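Commentary on secondary and tertiary structure
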Amino acid sequence: MSTIAPEKYKENASKGIADPVLQKALGGLQDRLGPATEKLYNSQPEGHDMRPRAHQFRRKAIDNLDVLLSTLADKVRGHGGIVHFAKTAEEAVEICKKIALENDVKTVVKGKSMVTEEVGLNLALEKEGIEVYETDLGEYILQLSGEGPTHIVAPAIHKTRREIAELFTEKLGTPYTEDPPTLTRYARKALREKFLKADMGISGCNLACAETGHIVTVSNEGNIRMSTTLPKIHVAFMGMERIVANLEEQQSILRLMSMGAAAQEIGGYVSYVGGPAQADHSDGPQEFHLIIIDNGRSKILADPEFREMLCCIRCGACLNVCPVYGKIGGQAYGSPYCGPVGAVVTPLLFGINTSADLCAGETLCGACKQACPLEINLPRMLLALRSKLSDGDPDWQVQPKSKGENLLFSGWQRLNNNRKIYDTLLDLMRMLQHLLPAKQGMITRLPWPFSGWTANRNMKKLAPKTFMQQWKETKEKKDS
Amino acid sequence: MNKPEKVTLFIQCLVDTVFPETGAAMVTVLERLGLKLDCPSNQTCCGQPAFNAGHQREARAAAVKFLDIFEDAEVIVCPSGSCVNMVRNHYLELFADDPKMLVRAQAVSMKIYEFTEFLVDVLGVESVGARFPHKVTYHASCHLNRFLGVDRQPRTLLAHIDDMTLIEMKDADTCCGFGGTFAVKYSEISGAVLEEKVQNIVDSGAEVVTGCDMGCLMNIQGMLSRKNIPIEVKHIAQLLAEK
Amino acid sequence: MTTQKDFIGDISTALGRPTPAAVDLFTVAPTTAEQDILKNIRQRSPGERQPFIKTLQEVSVPLHLDFHPERSLEDIRQAIITLILEKDPEWGTKKSVVRWDHPLLNSLNLEAAAELKDISLYTTSPVAATLSAEERQQQRQQTRKEVEESFIGITSADYCIAATATLAMKTRPGQARSVSLVPSIHLAVVEESKLLATLEELYTLLKWDEAEQAEGLTNNLSLVSGPSKTGDIELVMVHGAHGPRELHLFLVADRS
Ligand code: SF4
């Protein structure tokens, strides 16, 4: 369960940093996945071209989204599926609710889907008295504990086996054990019962293929296959951008997605679903519904600065290398989308001002772009968001974030523009810095607005002479 | 490019005001290689802090000033990867909608080099005949490494310093947590990232940590000093100037 | 409710249409590289496929896929009988096995094995179009019951990809998709001629091979690489999350 609260970034980041269990989990995850993914990228037969080409494939799909979605819809209908279009989150939820109520659905099993988190589906179904079960093991653990995800692909990595053992004992009544295989077996058993009795299965869509008219889901656990094979109704939620034109392009993107998500050549289960079971088939759902969701995406599409973000396939590779994410964890972002991808997507979907800290709270080190299977330029888009926050932008309903900061920077600019004033101010600061507490030439406490620096580190004092002064003096000496 | 007649120095503001010894070391190295140097003394900051904080107007003003001062240079050399990235890459974005300025920015973009990049790629120098009998570890700054693609160059130069032991730290290319105003505004997060960097430096067993950007090195030095860890911080120019 | 027209219309507006769509969206003819791949696959001799077997063997290990050495139908039959006898059911004590209705599996003739006389052997039969809706429903329910009851599911596969140990399985009448999913142990018996080198080869076939084009991907195509797994508890890899705990693969040697 995730509530949208990006405005609590700093506060929640503090909690994450102070949590030694989380620190260990994040460290382990990044050490393991980051380098393994990079190694895979470098060992592909397509060579270094593979990622830029895949980016082009995605970009082409986004630039032709109207054509691709129409084609997909036609083909899915041709396979006997029912296609719905939802402009907003509410509409998407309504559609699903209606299907559930009309079919007297009592139990829903869900394969991992971020877009259903985005639209707040579970709560709405539960309000109707429908039991909803997350079936990805990590998601299931979080559903039992009532927490938000720490990672896109491994949502419960912040939970220790001990916590999970206690949780299962309490909620499932299973004997206490800290053995991960045994714990997994408990969940397997509990969820198998749900799979077998569920009358509706809900999945996301990793990447649809327009020309064949199929959605594709990827998992390692097999939970999505279970959710989409056993219940009599399958409802797939799809963010409208999760599509590619043809099979050959999809092949390379699915492989890259698997490398990015879990350092695998290909996900354990890749399923193409085109429609419900045919009349002469002995299993599979009797109804297949595809809900294609906009919910703010066409706005992103219309803005050339951010259109690139729609290329994202939510693999989570950027999380596995981000130094900031690696310290604060996913819950700090206050959104189903966390890490570098979340820092860009959350403001665009849920409001730039409320997510101001998400836009500003990164180092711009570029590790995300380097790790992204599609080389999406997240740092560039963070910069664009920051610029909107300083100037405001009516198109995106952004108010200038801080008058104080704007003043500071326009003052800085005036200073920077004139070396004489610049030097005078330096002289003044050089005098004043002697008033600051210092140890061995290092200032230990700086005043506002620099005080954050000395919260955890010292600062070397300004040099007695600037390099420019020294340069002039040597030059004069040489000349005389 | 042939050996230039004259090299114009672009001194990162941090080097100018806090670490002039880094600039001096760069001068020593370049002069030893027989280069004529020039350093416009009215230069200030390239605008990167404003740009990274989203203040494009102010960054653009700084960029205009920079172009005014530097555009006549034959070649510009700077001891900071992130400043070169600002001028080489971000100036083009700042002036994307201003064709006249864009042409000027492009011209400067083509002739600005980071110090080690200049030595290795332009001058073809791998050894400057330096000697530094210490254990050193190298921090690969993000903008230098990822946005300029400069990593082999400093490592080549380091490998050719006599009597020096280069020890690779864990995650040498992971960010130190500096990020300009980020370090001040999100001090706790920045500090947490830096903490890990410092730990990796300490674990390497080096006596000196070096790099090509005083921004990162100032950040690292700040925490080493706060924790009373006796590891010295030196810009690569300082090592290359040692005999 | 938003109509398709409005929804797509908004997208077209956002895209700044009427700029025309890209021409090469849906490729209509194979590239020369793809033609070469197709040619390669079609002209491949059994001998040329032998290195794939070695690859398959190697990649099976980290995937926890049990790749069996038996090659002849008779040996495979024996090995499967042994597995059925030796393995224990996960959810009860009764031993039932379910399999596809598939020529290769039919030819194993497990039903005739005296050793298996106490074990229920089910086959997922096609649902005849001549049946009434109700009868069809009944037959499906019966199949569902049998699949749920079975601890081993036996399937074949359309293709097996060596580089990633991937089984590609389309859904057809008689080839229920739950057989490779719901039982705790999945056995796959695949003809060596179905071996492909890479996923790229698979996709090239799916896309350009005439028979494949005619059939389409079907309403459900599954690519399965190894048994079900999860690392969601402290990143410890555990096999058997929701799908099969074990996946056993048998390759039937070419008879030619
Ligand atoms: S931005 Fe790139 S790395 Fe991050 S989730 Fe999206 S596709 Fe994956």
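Residues numbered from 1 in each chain as written. Chains lettered and ligands numbered in written order. Predicted model: local features only at pLDDT ≥ 70, side-chain atom pairs only at ≥ 80, totals over all residues. Heavy atoms only, no water.

1. Here's the deal with the overall build of chain A
Summing up its helical and strand segments, chain A has 21 helices and 13 strands in all. Considered along the principal axes of its C-alpha atoms, chain A spans approximately 100 × 55 × 45 Å. Expressed as a percentage of the 480 residues in chain A, the buried residues total 64%. In chain A, the share of contacts with a sequence separation of at least 24, taken over all contacts with a separation of at least 6, comes to 73%. (Helix = DSSP H or I, 4+ residues; strand = E, 2+ residues; numbered from the N terminus. Buried < 20%, exposed > 50% of the residue type's maximum accessible area, 1.4 Å probe, protein only. Contact = heavy atoms within 4.5 Å.)

2. Quick notes on the overall build of chain C
Check the secondary structure of chain C and you find eight helices and twelve strands. For chain C, restricting intrachain contacts to residue pairs at least 6 apart in sequence, the fraction spanning at least 24 positions comes to 76%. Counting 26 positive and 36 negative side-chain charges, chain C places the averaged centre of each group 2 Å from the other. (Lys, Arg positive; Asp, Glu negative; His and termini not counted. Charge placed at Lys NZ, Arg CZ, Asp CG, Glu CD.)

3. Points about the site of the ligand
Close to the ligand lie C312(A), I313(A), R314(A), C315(A), G316(A), A317(A), C318(A), V341(A), C372(A), P373(A) and L378(A). Looking at the shell around the ligand residue by residue, the class counts come to nine nonpolar, one polar and one charged. (Near = heavy atom within 4 Å. Nonpolar A, V, L, I, M, F, W, Y, C, P; charged D, E, K, R; others polar.)

4. As for the interface of chain C and chain A
Accessible area lost when the parts come together is the quantity often used to give the size of an interface. Tallying the contact residues gives 75 residues for chain C and 99 residues for chain A. If you sort the residues of chain C by the area they bury against chain A, N219(C), I233(C) and H242(C) come out on top, with a joint share of 12%. Our count for the chain C to chain A interface comes out at seven salt bridges. Close ionic contact of E211(A) with K207(C) constitutes a salt bridge, the shortest N to O distance being 2.7 Å. At the junction of chain C and chain A, the tally comes to 48 residue pairs in polar contact (both at pLDDT 80 or more). Elements with a contribution of two residues or more to the side of chain C that touches chain A: α1 (4-14), α6 (133-149), α7 (199-208), β9 (220-225) and β10 (229-230) of chain C. Looking at the side of chain C that touches chain A, the element that brings in the most residues is α1(C), giving seven residues. (Buried area = accessible area lost by both parts, 1.4 Å probe. Salt bridge = Lys/Arg side-chain N within 4 Å of Asp/Glu carboxyl O. Polar contact = N/O pair within 3.5 Å; in protein donor to acceptor, adjacent residues only side chain to side chain.)

5. So, the sheet that holds strand β6 (residues 165-167) of chain B
In any sheet, the strands associate via hydrogen bonds between backbone groups, in a parallel or an antiparallel arrangement. Residue and element names in this part refer to chain B. Read from one edge of the open sheet, four strands run β6-β5-β7-β8, paired in parallel fashion. Two strands bound the open sheet, and with one partner strand each, they are β6 and β8 (232-235). Here the average twist between neighbouring strands, direction ignored, is 35 degrees. Examined bridge by bridge, strand β5 (residues 135-138) and β6 share three bridges and lie parallel to one another. Its bridge partner being in β6, T137 is matched across the sheet by I167. (Pairing = 2+ DSSP bridges. Axes fitted to C-alpha atoms, helices over the stretch in contact; angles between N-to-C directions.)

6. Concerning the side chain of R255(A)
Among the structural elements, R255(A) can be located in helix α12 (residues 247-262). For R255(A), a relative accessible area of 6% translates into the label buried. With residues near it in sequence (within four places) discarded, R255(A) still touches Q44(A), P45(A), E46(A), M50(A), Q264(A), E265(A), I266(A) and L199(C).

7. Here's the deal with the pairing of strand β2 (residues 107-110) of chain A
Residues and elements named next belong to chain A. Of the two faces of β2, both are covered, the one formed by T107 and V109 as well as the one formed by V108 and K110. By the bridge criterion, four bridges tie β2 to strand β3 (residues 131-134) in an arrangement that is parallel. Looking at β3, one finds that K110 is bridged to E134. In the sheet, β2 pairs with strand β4 (residues 200-203) via three bridges, with the strands oriented parallel. Looking at β4, one finds that K110 is bridged to I202.

8. Topic: the domain arrangement of chain A
Looking at chain A, the domain boundaries give domain 1 (6-299) and domain 2 (418-479). Distance between the C-alpha centres of domain 1 of chain A and domain 2 of chain A: 54 Å. (Domains from an automatic or database assignment.)

9. Considerations on the interface of chain A and chain B
Taken together, the contacts link 64 residues of chain A with 72 residues of chain B. Of the roughly 5600 Å² buried where chain A meets chain B, counting both sides, 59% is carbon and sulfur surface. Among the residues of chain A in contact with chain B, R457(A), F467(A) and W471(A) are the three that bury the most area, contributing 12% of the side total. Summed over the shared surface of chain A and chain B, the result is seven salt bridges. Here E405(A) ties to K185(B) by a salt bridge, and the two come within 3.1 Å at their closest N and O atoms. With seven residues, the top contributor of residues to the side of chain A that touches chain B is helix α19 (residues 403-416) of chain A. Its residues assigned to classes, the side of chain A that touches chain B comprises 28 nonpolar, 19 polar and 17 charged.

10. Side note on the arrangement of the chains
Across the two pairs of chains that are in contact, the largest number of contacts falls between chains A and C. At the C-alpha level, the nearest point of chain B lies 20 Å from chain C, with no contact between them.

11. Structural notes on the nonpolar core
Across soluble globular proteins, you tend to see nonpolar side chains buried next to one another. One finds F237(A) and L9(B) to be the most contacted residues of the largest nonpolar core, which totals 248 residues. Discounting residues that sit within four places of it in the chain, L9(B) has contacts with F467(A), W471(A), M26(B), V27(B), L30(B), L37(B), D38(B), C39(B), P40(B), Q43(B), F70(B) and V77(B). Judged by nonpolar contacts, the second largest core, of 73 residues, contains A190(A), M226(A), F67(C) and A197(C). (Core = buried A, V, L, I, M, F, W, Y, C linked by side-chain atoms within 4.5 Å.)

12. Points about the environment of K36(B)
Residues and elements named next belong to chain B. Among the structural elements, K36 can be located in strand β2 (residues 36-38). Note on K36: relative accessible area 54%, which makes it exposed. C-alpha separation for the pair K36 and L194, spaced 158 residues apart in sequence, amounts to 38 Å. When sequence neighbours within four positions are dropped, the list of residues in contact with K36 reads E5, K6 and V7.

13. Observations concerning the sheet that holds strand β6 (residues 215-219) of chain A
With mixed pairing, the six strands of this open sheet are ordered in space as β6(A)-β9(A)-β9(C)-β6(C)-β5(C)-β8(C). The two strands at the open ends of the sheet, each matched to only one other strand, are β6 of chain A together with β8 (195-196) of chain C. By the bridge criterion, two bridges tie strand β5 (residues 159-161) of chain C to β8(C) in an arrangement that is parallel. For I161(C), the partnering residue across the bridge sits in β8(C) and is L196(C).

14. Thoughts on the packing of helix α7 (residues 115-122) of chain B against helix α9 (residues 152-159) of chain B
Residue and element names in this part refer to chain B. Their axes nearest at 8 Å, the elements α7 and α9 cross at an angle of 80 degrees. As the angle between them shows, α7 and α9 are arranged roughly perpendicular. In this structure, α7 contributes T116, E117, L119, V120 and D121 to the contact, and α9 contributes R152, Q153, P154 and L157. For the contact of α7 with α9, a count of residues per class yields four nonpolar, two polar and three charged. (Parallel < 35°, antiparallel > 145°, perpendicular 65-115°, else oblique.)

15. A word on the packing of helix α2 (residues 32-43) of chain C against α7(C)
All names here are of chain C. Relative to each other, α2 and α7 sit at 100 degrees, their axes nearing to 10 Å. By the criterion of interaxial angle, the relationship of α2 to α7 is roughly perpendicular. Here E34, I37, L38 and I41 of α2 lie close against α7, whose contacting residues are E200, E201, T204, L205 and W208. Looking at side-chain class alone, the contact of α2 with α7 contains five nonpolar, one polar and three charged residues.

16. Thoughts on the packing of aromatic side chains
The way to describe two aromatic rings as a pair is by their centre distance and the angle between their planes. The full count for this structure, using the stated rule, is 16 aromatic pairs over all chains. Ring centres 6.5 Å apart and planes at 55 degrees place the aromatic pair Y140(A) and F168(A) in the tilted group. Here F168(A) lies in helix α9 (residues 161-172) and Y140(A) lies in helix α8 (residues 137-145), a separation of 28 residues in the sequence. Side by side, Y140(A) and F168(A) carry an identical accessibility label, which is buried. Consider the rings of F66(B) and Y91(B), whose centres lie 5.7 Å apart with planes at 80 degrees: the pair is edge-to-face. Placement of the pair is F66(B) in helix α4 (residues 56-70) and Y91(B) in helix α5 (residues 81-94), with a sequence separation of 25 residues. Using a relative accessible area of 0% as the deciding quantity, one classes Y91(B) as buried. Cation over ring: R51(A) sits above Y41(A), and NZ or CZ is 4.1 Å from the ring centre. Lying over the aromatic face of F7(C), K87(A) brings its terminal NZ or CZ to 5.9 Å of the ring centre. (Phe/Tyr/Trp six-rings, centres within 6.5 Å; stacked < 30°, edge-to-face > 60°. Lys NZ or Arg CZ within 6 Å of the ring centre and 35° of its normal.)

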